[in-house]
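Listed below are the residues making up each chain.
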Amino acid sequence: MTTISELENYLDAGGAKIPADLVIENGTLVNVNTSEYYPSNVAIYHGRIVAVDQDLTAYIGPKTRHLNAQGKYLVPGLIDGHLHVECSKLSLTRFAQAVVPHGTTSIISGLDEYISVLGLDGLSEIFEEIEPLPLKVFWGLPYKTPYTIPESTIAYNVTAADHRKYQAQANCYGVWETVREAIQIKDPDTLQALLAAQAAHKPIWGCSPMATGQDLNQFLMSGVRVDHESYSPEEFLEKARKGVHVVIRESSVTKFLHENIRALTEGAPGVARHASFCTDDVTTSDLLDHGHLDHLVRLAIQEGVAPMTAIQMATLNNAEAYQIDQQVGSIAPGKDADILLVDHPGSFNVETVISKGQIIQEKQEVKVAFQPPHRSPQLQGQLKLAPTSAEDFAYAVDLEEGQATVAAIHSVGPFIRKRREVQLTVTHGQVQVDPQKDVALVSVLERYGRNHNHAHGFISGWNLQAGAIATSAAPDDNNLVVAGVNLEDMALAANTLIECGGGQVVVAQGQVQALLPLPLAGITSDLAPVELAQKEQELKAAAQKLGCQLPDPLFYLSFLPITAIPDLAITDGGNVDYPKLAYFDPIINLNAN
């Protein structure tokens, strides 16, 4: 919080009575407030912008640093409108190292993956890590955890009581990712969370994939202000027309920008001022290969969006949507000094990054060290599971020999899973998976030591021909997920991750083929981005050698417990039919030989 003394100094700095720390000179301002380009200079004092004028003579003192922006365009720092930062598997420090050089200086996040493992008290260490970083995290408390309906198992359940406490606090900026189904069933905790936010004048952020018509109208009665889930430009446009600030998602596996941008380029022209960008879930490999929000700006421009509009969508629009525009989103006096120097709005190559008034990157050379802090024992990953055996992963049935018709969870896309009925052989009381029929076993093991749940099911669409894969980074619950066609390999995959405190692994023929330890809460790592990206590529290549043809097998595996992905999922509680908000038995029928 700013003290009275600090405020007085800022006022004096704005009035040119205290010299600026840094002045950026000779640049062309991209004024997202007025959609203008014009020459201007910027003065910065103690991390904030104090002047944006052509003549800064009065703001310059003997110790003022000068940064020449000749030939460059001055752009506000980019803001990611919805991000599960933990899905990158990078710690916050390493994530900042990966994205700040690309111009991302702020993210909107619920830190919900950490909450599922550490609880709200455990976030204090994460917040301490964030504070000195050149990356702001605008945090919203999840509307409720666990997200799943029926309820799955995590380390900590967020309740209405938590919202009454945290929504009143300055470091909480709203309610994170309120899903439509919780509103539909009038979940009491969720409704109380919304009322707590409204009482504190905090915005409510929504998640309503494929909601239209009456379903959407009902959802919006909750007070939701912003939504990042639209599966078509028509859905996107309807939400915008009904007053929602709509966020276009372009993640590592769910790429909606190409389609949803049509709501701007072919729909109503006014949509653009009420639309923005998010990446939701990104891999480190993608960050290094393509960039972050700068990549989305370039993609939008390629789709026919004017550069100014694309830049507004990555800056001011998100700031206004999340009601943080008094702090970030534009280059103006009083705002935080988050400023990018880019080559040209049309090509949008970020060359210099200033965050919190500090030069982080200059002419594409990083000027600061990203050093992870000391980690407490509480943050170290631990899977509270006993070693497993092959028999633990077998699907046992009350039939010695015969045939079983099963309902497999069939992946037809990263965010679409449908029911597929397959006939499998039963031998010695166990259902035998058949790689030739594209069916594999899947298990979810509760990792927190609360109830020792172990759910079993079947998946298809993966084309696994051998071995097993496993992950303990699995939003939204981060339980241990194991899939495979060989029971011994499934047990080895699980035991490998139990031994190293969490991670991702590929196993074949009794040998570990690739391993990424994730020692921080069992979901993230302090590995440098380049090193972690290399591990991601090793895992992907190893999974593909097992026959898996999915674009990113470990990412798809981690998403299997997310029930909100239509239509089917599996959690530690069992196989979930989300349209029915109920569990289902994957064994349809059994027939003796």
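Note that the coordinates shown come from a computational prediction; the quantities given were computed from them, not determined experimentally.

So, on to helix α8 (residues 213-220). Turning to α8, its buried residues are L216, F219 and L220. The buried residues of α8 occupy one face: seen down the axis, they fall within an arc of 95 degrees. Considering only its buried residues, α8 is in contact with β9 (172-179), α6 (180-184), β10 (204-207), β11 (224-227) and α9 (233-241).

With that out of the way, let us pick up the layout of surface pockets. Each pocket or cavity is described by its volume, and for the largest pocket that value is around 1,200 Å³. Lining the largest pocket are 31 residues, and of these M1, E131, Y173, Q327 and D336 lie nearest its centre. Counting residues per element, the ones that place at least two in the lining of the largest pocket are α1 (4-14), α4 (123-130), β8 (136-142) and β9. Sort the elements by how many residues they give to the lining of the largest pocket and β8 lands first, with four residues. In terms of residue class, the lining of the largest pocket is built from 14 nonpolar, 10 polar and seven charged. Formed jointly, the lining of the largest pocket draws a minimum of three residues from each of two domains, domain 1 (4-71) and domain 2 (76-328). Estimates place the volume of the second largest pocket at around 390 Å³. If you trace the second largest pocket, you find 27 residues lining it, with K89, T283, E536, D552 and F555 closest to the centre. At the level of secondary structure, the elements contributing two or more residues to the lining of the second largest pocket comprise α12 (284-290), α17 (529-545) and α18 (553-559). Per element, the largest residue contribution to the lining of the second largest pocket is five residues, and it comes from α18.

Before going further, it helps to spend a moment on the sheet that holds strand β12 (residues 245-249). Pairing is parallel in the open sheet, where eight strands are placed in the order β6-β7-β8-β9-β10-β11-β12-β13. Looking at strand neighbours, the two that pair on one side only are β6 (78-80) and β13 (275-278), the edges of this open sheet. Each neighbouring strand pair of the sheet contributes to a mean axis angle of 30 degrees, computed without reference to strand direction. Summarising the sheet, β10 and β11 pair through three bridges and their orientation is parallel. From the neighbouring strand, I204 faces β11, where its bridge partner is V224. Along the sheet, α9 makes contact with β11, β12 and β13, crossing β12 at roughly 155 degrees.

Let us now look at α17. Across its 17 residues, α17 extends 24 Å between first and last C-alpha, which sits within 8% of the 24 Å expected from 1.5 Å per residue. Among the residues of α17, those classed as buried are P529, L532, A533, E536, L539, A542 and A543. Turning to α17, the residues buried within the fold contact α2 (92-99), α12, β24 (468-471), β26 (503-508), β27 (511-517) and α18. A positive phi of about 105 degrees marks G547, the residue just after α17.

To continue, consider the environment of A69. One can find A69 in the loop between β4 (65-68) and β5 (73-76). Here A69 falls in the buried class, since its relative accessible area comes to 0%. Distance from A69 to P475, taken between C-alpha atoms, is 42 Å for residues 406 residues apart in sequence. Once you skip the residues sitting within four places of it in the chain, A69 turns out to touch I24, E25, N26, G27, L74 and L341.

The subject of this paragraph is the packing of aromatic side chains. One pass over the full model with this rule turns up 12 aromatic pairs. Both rings, one in Y143 and one in Y147, keep their centres 5.6 Å apart while their planes meet at 10 degrees; by these two values the pair is stacked. Y147 matches Y143 in its accessibility class, with the two residues each being buried. Ring centres of W462 and Y556 lie 6.4 Å apart, and the angle between their planes is 85 degrees; this geometry places the pair in the edge-to-face category. Within this pair, whereas W462 is found in the loop between β23 (454-460) and β24, its partner Y556 is found in helix α18, the two being separated by 94 residues in sequence. Using a relative accessible area of 1% as the deciding quantity, one classes W462 as buried.

With that out of the way, let us pick up unusual backbone geometry. Most peptide bonds take the trans configuration, and most residues that are not glycine carry a negative phi. Cis peptide bonds are those with omega within 30 degrees of zero, and the linkage from T145 to P146 qualifies with -5 degrees. Secondary-structure assignment places P146 in the loop between β8 and α5 (160-166). Note the cis peptide between P566 and D567, where omega equals 0 degrees. Phi angles above zero are rare outside glycine, and H46 is one such case at about 45 degrees. Position of H46 among the secondary structure elements: in the loop between β2 (36-45) and β3 (48-53). By relative accessible area, H46 is classed as partly exposed at 48%. Despite not being glycine, E177 has its phi angle at roughly 50 degrees, a positive value. Checked against the element boundaries, E177 lands in strand β9. For E177, a relative accessible area of 8% puts it in the buried group.

Further remarks concern the nonpolar core. Among the nonpolar cores identified, the biggest contains 180 residues, and F95, F277, V431, F458 and W462 are the most heavily contacted of them. Broken down by element, this core gets its largest block of residues, seven residues, from helix α16 (residues 487-500). Viewed by domain, this core spans two of them, domain 2 (76-328) and domain 3 (390-592), each represented by three or more residues. If you look at the next biggest cluster of nonpolar residues, it comprises 16 residues, including L22, V42, I49 and I339.

Here the UniProt-annotated "domain: Adenine deaminase C-terminal" (unreviewed entry) positions come out as residues 416-578. Here residues 416-578 is 23% helix and 36% strand, with 12 Å between the C-alpha atoms at its ends.

Whether parallel or antiparallel, the strands of a sheet pair through hydrogen bonds between backbone atoms. Pairing in this open sheet of three strands is antiparallel, and the strands run β28-β29-β30 from one edge to the other. Here the strands that pair on one side only, and so sit at the sheet edges, are β28 (568-571) and β30 (582-584). Ignoring strand direction, the axes of neighbouring strands in this sheet form an average angle of 45 degrees. When strand β29 (residues 574-577) meets β30, the two strands line up antiparallel, connected through three bridges. Within β30, the position partnered with V576 by the bridge is Y583.

Rules used in this analysis
- Residues numbered from 1 in each chain as written.
- Predicted model: local features only at pLDDT ≥ 70, side-chain atom pairs only at ≥ 80, totals over all residues.
- Heavy atoms only, no water.
- Buried < 20%, exposed > 50% of the residue type's maximum accessible area, 1.4 Å probe, protein only.
- Helix = DSSP H or I, 4+ residues; strand = E, 2+ residues; numbered from the N terminus.
- Arc of directions from axis to C-beta.
- Contact = heavy atoms within 4.5 Å.
- 1 Å grid on protein atoms, 1.4 Å probe; cavity = no way out; pocket = protein on both sides within 12 Å on 5 of 7 lines; lining within 4 Å.
- Points joined across faces, edges and corners; volume = space filled by probe spheres on them.
- Nonpolar A, V, L, I, M, F, W, Y, C, P; charged D, E, K, R; others polar.
- Domains from an automatic or database assignment.
- Pairing = 2+ DSSP bridges.
- Axes fitted to C-alpha atoms, helices over the stretch in contact; angles between N-to-C directions.
- Expected span 1.5 Å × (residues − 1).
- Phe/Tyr/Trp six-rings, centres within 6.5 Å; stacked < 30°, edge-to-face > 60°.
- Core = buried A, V, L, I, M, F, W, Y, C linked by side-chain atoms within 4.5 Å.
- UniProt positions renumbered as here; feature names shortened; annotations may be inferred.

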